[in-house]
Structure formats: structure tokens, C-alpha cells
Amino acid sequence: MDKKWNTRTKLVHSGTRRSKYNEVSEAIFLTQGFVYDSAEAAEARFLEAGEDEFIYARYGNPTVAMFENRIAALEGAEDAFATASGMAAVSGALMSMLKAGDHVVSARALFGSCLYVLEEVLTRYGVEVTFVDGTNLEAWKSAIRPDTSLVFFETIANPTLEVIDLCAVADLAHAVDAKVVVDNVFATPVFSRAIEQGADVVVYSATKHIDGQGRALGGVILGTKEYIRKTVEPYMKHTGGSMSPFTAWVMLKGLETIDLRVRAQVEGAEAIADALQSHAKLERVIYPGHPNHAQYDLVKSQMGKGGTVVSLDIQGGQAAAFRFLNALEIVLISNNLGDAKSIATHPATTTHQRLADDQKEALGITPGLIRLSVGIEDKDDLVADILQALEAV
Ligand SMILES: *Cc1c(COP(=O)(O)O)cnc(C)c1O
């Protein structure tokens with residue numbers, strides 16, 4: 001039935017499981033285990049657990065199942081597995097599928113921990129990884145081989161906001177039967193059509209827009225029922241990266257309002273990108289939803305909207321960027337994104353500090369670059385705060 005519902009209805013109702021008390025708000029089943037009526041019933045459940053039968057919270061839990069079913073309905077995926085963090089989702093999606101001798105092609109511009117998993121962990125277990133410039137289709141074409149088993153990329157790169165052409169890369173991968181795994185955080189689940197556009201597996205850090213209120217770490221892996229239950233679930237339940245029932249409840253409540261929040265955040269991001277165009281103190285303003293963005297047409301067809309993050313390159317390098325950050329009154333200095341509160345980050349000295357200078361340069365992480373995650377505050381207040389902080393530079 002929920003197939004027919006539109007997004008906001010799914011976000012409020014999909015996946016709900018009511019107990020015998022018929023509670024309105026989703027219940028938190030804060031239990032690690034479940035009691036069986038008899039020894040025979042326990043044996044039968046271990047042999048095969050039904051849809052609404054649970055064994056142990058590392059394997060599954062009613063509150064966690066509600067979250068998985070609701071996010072799967074939003075994404076248009078057959079099934080989902082909820083994880084303890086976004087990185088448990090990224091590493092679980094990859095490790096559960098790959099084995100020694102496999103070949104992976106990945107975009108080079110990655111969240112630092114994703115880069116660690118691909119560059120340091122997978123290779124340690126005999127997986128060969130080739131990195132490419134994700135925006136260059138010719139580079140994908142020459143790196144993907146007949147024996148490539150998987151491609152991985154963030155659909156919008158952090159923090160330079162370059163967009164990867166999902167349909168085109170998926171066509172190249174599928175031509176050799178390679179699976180397409182995307183980290184879709186910056187596109188957000190609200191604007192994602194990743195599965196219809198060719199992703200086989202979609203991964204989110206739920207810590208970002210899904211919680212959206214800075215409270216809990218979480219993640220989710222979405223894909224076919226076969227992949228989630230036969231490949232991901234055995235790996236996750238035996239290696240321990242499952243989501244806790246309390247976190248699942250926080251994330252379920254986050255999903256109820258995610259469409260409202262993310263659309264308000266996008267309005268703020270659009271207003272900020274408009275107000276800062278050709279500002280005298282800025283080298284560049286990067287926003288995928290602005291007609292100036294080099295890949296604006298791709299953004300329109302792939303997501304429709306430009307997301308909730310705007311990056312600014314301030315003239316005068318790190319000193320100027322620090323003066324800007326220290327002058328902000330509403331926008332917080334921190335490093336999460338997708339939050340209801342606007343947050344500014346200086347990637348070169350924080351999230352991407354570990355990278356060598358030439359790597360930063362190759363990825364466009366300049367000393368003046370600020371990543372601005374736009375929250376749900378009044379957009380005029382945000383524009384005024386950013387303009388006054390630029391005055392102080
Ligand atoms: C934050 C983030 C992650 C990791 O998520 P955690 O919940 O912090 O583990 C992975 N990929 C991207 C693109 C992210 O922004």
C-alpha cells in the first residue's frame with residue numbers, strides 16, 4: 001500500500017509496527033533479546049525468523065526494523081540494513097561484497113574515513129583499488145576492466161561539491177557486471193533517485209540529514225532484498241556494526257520531518273549562494289544548485305536541487321578564513337553537516353587536515369575554503385550573519 005503514497009506520507013507512516021497497546025508514536029523496544037514460548041519455538045526461530053520475529057538486537061529489533069522499512073520506502077529500495085554509524089554502513093557495504101583478488105574503481109575525492117577504508121583496509125585484504133577523478137568519464141572508462149567487480153563514489157564530493165554523473169558511471173560499470181555503490185550523503189535521501197538512476201547499493205550516514213538534529217550516529221545500507229538479507233545482514237550481524245534501538249527511534253523521528261527540514265535548508269542555501277555571487281572578498285562560491293555551477297544541468301537532472309551545503313573560497317587564505325569563522329554569530333564552528341543548526345567548517349585544518357598539501361590542492365581544498373552546512377534558521381538572518389562576518393575579514 002505505501003508504494004502509492006507520496007514522500008511526506010511515507011515519511012510519517014511507512015514501516016510503522018504497533019504493539020498490542022496501539023501506541024501513536026513509534027515505540028522504543030529497548031531490548032537486546034526476545035522470549036520464546038517453548039524450546040521448540042526457539043529452535044524454529046533460529047531455523048528461520050519470520051518478518052515480525054526477532055532473535056537478538058545485533059540481528060534485528062522492531063524499532064530498528066521500522067527505521068529500515070521507512071528509509072527503504074523513501075529511497076525506493078527493496079530493503080535496508082541499519083548500522084551503528086555512516087562508516088559502519090560504508091565499510092559493511094564494501095567488506096560484505098568483496099574478497100581478495102577483486103578489483104574496485106573509486107572516485108578519489110572522498111570523505112576521509114571512506115578513503116581510509118578503500119586505500120588502507122581493502123588493499124590489506126588483497127582487494128585492488130584504482131582511484132580516478134570522478135567527474136572525468138574518460139577516466140572511469142579506462143579504469144574499469146572486464147574483471148572489475150565494484151565501483152564506489154560519493155555522488156557529490158565533500159567539500160568541493162563536484163557532482164558525479166551517476167547514470168553514466170553506472171552504465172560503464174554495468175557493462176562489465178560491476179556493482180555500483182554510492183555514498184549519497186550530500187545528495188540527501190530527499191532528492192535522491194539513485195536506485196532508478198543505476199545505483200545497486202546506496203549508503204547514508206544517518207548522522208547527517210536523517211537525524212538532522214545533531215544527536216546520534218547512525219547509518220544505513222539500501223539495496224535489493226537478496227543483497228541486504230543474504231550478503232549484508234550476515235556480515236553486519238556477525239561483525240557487530242548494527243544500529244541500537246534507541247538510535248533507530250531517533251532516526252525514525254528524524255525521517256518524519258526530513259523532507260520539511262531539507263527543503264528549508266535548500267531554500268537557505270539558495271539564498272546564501274545568490275547573495276554571495278561576485279562578493280568582493282570571495283574567490284569563488286560553490287553551490288551545485290546555482291546556474292553558475294559547472295555541472296548545473298547534471299544537478300538538475302540527477303537531483304533537481306543543489307543540496308544543503310555551500311562552499312566559499314575566501315580571499316586571503318587561512319588567516320582570512322579564520323577571521324570569517326571567528327566573526328560568525330549564528331553559524332557555529334563545527335564539523336557535522338545536514339544539521340538544523342548552520343555549521344561552518346575549515347576543511348584544510350580539520351576534516352581534511354591529514355591530507356598532504358599536494359592532495360589538498362588536487363582536490364581543490366584551498367587554505368581559504370569554508371564548507372557551510374546550511375540549517376533551518378531564517379534565511380535572511382543567515383545571509384546577514386555571513387555578510388557581516390565577511391566584512392570582518
Ligand atoms: C559523515 C559522512 C560519512 C561517515 O558517517 P558517520 O556517521 O560519521 O560515520 C561518510 N560519508 C560521507 C559523505 C559523510 O559525510
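Report follows, based on the coordinates.

Parameters at a glance
Residues numbered from 1 in each chain as written. Predicted model: local features only at pLDDT ≥ 70, side-chain atom pairs only at ≥ 80, totals over all residues. Heavy atoms only, no water. Buried < 20%, exposed > 50% of the residue type's maximum accessible area, 1.4 Å probe, protein only. Helix = DSSP H or I, 4+ residues; strand = E, 2+ residues; numbered from the N terminus. Pairing = 2+ DSSP bridges. Right-handed = clockwise from strand over helix to strand, strands pointing away. Salt bridge = Lys/Arg side-chain N within 4 Å of Asp/Glu carboxyl O.

1. Concerning the pairing of strand 2 (residues 103-107)
Phase 1: Most of strand 2 sits out of view: five of its five residues are buried.
Phase 2: What you see with strand 2 is no split at all: His103, Val105 and Ala107 on one side and Val104 and Ser106 on the other are buried throughout.
Phase 3: When strand 2 meets strand 3 (residues 128-132), the two strands line up parallel, connected through five bridges. Residue pairing across strands places alanine 107 opposite valine 132, the latter belonging to strand 3.
Phase 4: Remark: the strand 2/helix 5 (residues 112-124)/strand 3 crossover connection has right-handed handedness.
Phase 5: In this sheet, strand 4 (residues 148-154) lies alongside strand 2 in parallel orientation, the contact comprising four bridges. Within strand 4, the position partnered with valine 105 by the bridge is valine 151.

2. Describing the pattern of salt bridges
Phase 1: A full pass over the atoms with the stated rule returns 20 salt bridges.
Phase 2: Between arginine 229 and glutamate 233 there is a salt bridge; the shortest N-O distance is 2.7 Å. Of the two residues, arginine 229 and glutamate 233 are both situated in helix 9 (residues 225-239); the distance of four residues between them amounts to about one turn of the helix.
Phase 3: By relative accessible area, which is 16% here, glutamate 233 ends up buried.
Phase 4: Three or more residues are tied together by salt bridges with common partners; here these are Glu68, Asp79, Lys225, Arg229, Glu233 and Lys237.

Any link to function would need more than the numbers given here.
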